[in-house]
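Residue-level structure breakdown
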Amino acid sequence: MNLVDVEKLSVRYGATQVLRDISMHVAPGEIVTIVGPNGSGKTTLLRAIVGAARISGGRITTAPNLVLGYVPQKLHIDPTLPITVERFLRLPGGATRSDIEAALSRAGVAQLTHRQMSELSGGQLQRVLLARALVTKPDLLLLDEPTAGLDQPGSADFYQLIDDVRREFGCAVLMISHELHVVMASSDRVICLNGHVCCHGTPEHVSSAPEYRALFGTGTHGALALYRHEHDHQHGHDHTHDHGHDHDHGHTHTHDSHEAAE
């Protein structure tokens, strides 16, 4: 049985359709990576799965008693708010001290237990956010561009940690990433999103498109921009840009590596 089944999912923000007719699934233990241009609905899809975005059509079915762990792309901590790492991991309650210590240790930041959240570096914050997701002992770990803002060594270390966690906990991973080496080296499957599912399959299958090969060396700042596709179906050629959402379907996009707020 799959952990998550998404069937013909649609999400609208007012008059803007962000996701249309999305069908995908995540099976136990696998790593699935979502790629796509800015404004393509990647973050919205993850938010819908965790119940933070209202769906306008279709359905999401989860395995019984599924436990989710969610690592957002970024979290703003008010620098005047006095809250330690340990207290942050106790929110919204239920975590024991031993659970917290084990999660921080697994994330490689056991020494930060009593540090103020506002004092953490970008890399430390991402590991603390991962630890908070691990406290619940998740069946499925969802990560929204977890290395955005980290340098290349920090990014590589973090993704190695994710792979180690996956193997140790036996959890599945659904993540958004622009980083080509991660997609190709770590993922079991890749889903390419641009308001709809453009293509999906193994990394080798997705990257075998001739247009993708042509674009392979041109990603900005070493990031994965977006595969260029040969589609087996036609999309309309109207271009609509509304509230930062890109609904230009079936064309080439080369965007930088940060997802627009959705």
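The name given to the protein chain in an unreviewed UniProt entry is Metal ABC transporter ATP-binding protein, with the source organism recorded as [Roseibacterium] beibuensis.

Right, let's talk about the side chain of T33 for a bit. Mapped onto the elements of the fold, T33 is located in strand 3 (residues 31-35). Polar side-chain contacts of T33 include one of 2.4 Å to the side chain of S187.

This next bit is on the nonpolar core. Core analysis: the biggest nonpolar cluster contains 35 residues, and V85, L89, M117, V128, L130, L141 and L143 have the highest contact counts within it. Elements supplying a minimum of two residues to this core: helix 2 (85-90), helix 3 (97-106), helix 4 (122-135), strand 6 (140-144), helix 5 (152-169) and strand 7 (172-176). Contacts of L130, omitting those with residues within four sequence positions, involve V71, L141, F158, L161 and I162. Ranked by size, the runner-up nonpolar core spans 26 residues in total, among them M24, L45, L140 and A172.

Here the focus is the pairing of strand 1 (residues 4-13). In this structure, strand 1 lies alongside strand 2 (residues 16-26), joined through seven bridges in antiparallel fashion. Across the sheet, D5 pairs through a bridge with H25, a residue of strand 2. Two successive antiparallel strands, strand 1 and strand 2, enclose a turn made up of two residues, where G14 displays a positive phi of approximately 65°. Examined bridge by bridge, strand 1 and strand 4 (residues 57-62) share five bridges and lie antiparallel to one another. Residue D5 lies in a different strand from strand 4, and its bridge partner there is T61.

The next thing to look at is the pattern of salt bridges. One side chain can pair with another of opposite charge once the charged atoms of both are near each other. Within this structure, the stated rule accounts for 10 salt bridges. With a shortest N-O distance of 3.2 Å, K137 and D99 are connected by a salt bridge. Of this pair, K137 sits in the loop between helix 4 and strand 6 while D99 sits in helix 3, and the two are 38 residues apart along the sequence. Judged by its relative accessible area of 22%, D99 falls in the partly exposed class. Close ionic contact of D188 with R166 constitutes a salt bridge, the shortest N to O distance being 3.6 Å. Placement of D188 in the loop between helix 6 (180-186) and strand 8 (189-193) and of R166 in helix 5 is noted, with a sequence separation of 22 residues between them. Exposure remark for D188: the relative accessible area of 34% places this residue in the partly exposed category. Classification of R166 as buried rests on a relative accessible area of 13%.

The strands making up a sheet associate through backbone hydrogen bonding, with each pair oriented either parallel or antiparallel. What the six strands build is an open sheet, ordered 5-6-7-3-8-9; its pairing is mixed. This sheet does not close on itself; its edge strands, each paired only once, are strand 5 (68-71) and strand 9 (197-201). Geometrically, the sheet is characterised by an average inter-axis angle of 15° between neighbouring strands, direction not taken into account. As judged from the four bridges shared by strand 8 and strand 9, these two strands associate in the antiparallel manner. For C192, the partnering residue across the bridge sits in strand 9 and is C199.

Rules and cut-offs
- Residues numbered from 1 in each chain as written.
- Predicted model: local features only at pLDDT ≥ 70, side-chain atom pairs only at ≥ 80, totals over all residues.
- Heavy atoms only, no water.
- Helix = DSSP H or I, 4+ residues; strand = E, 2+ residues; numbered from the N terminus.
- Polar contact = N/O pair within 3.5 Å; in protein donor to acceptor, adjacent residues only side chain to side chain.
- Core = buried A, V, L, I, M, F, W, Y, C linked by side-chain atoms within 4.5 Å.
- Buried < 20%, exposed > 50% of the residue type's maximum accessible area, 1.4 Å probe, protein only.
- Contact = heavy atoms within 4.5 Å.
- Pairing = 2+ DSSP bridges.
- Salt bridge = Lys/Arg side-chain N within 4 Å of Asp/Glu carboxyl O.
- Axes fitted to C-alpha atoms, helices over the stretch in contact; angles between N-to-C directions.

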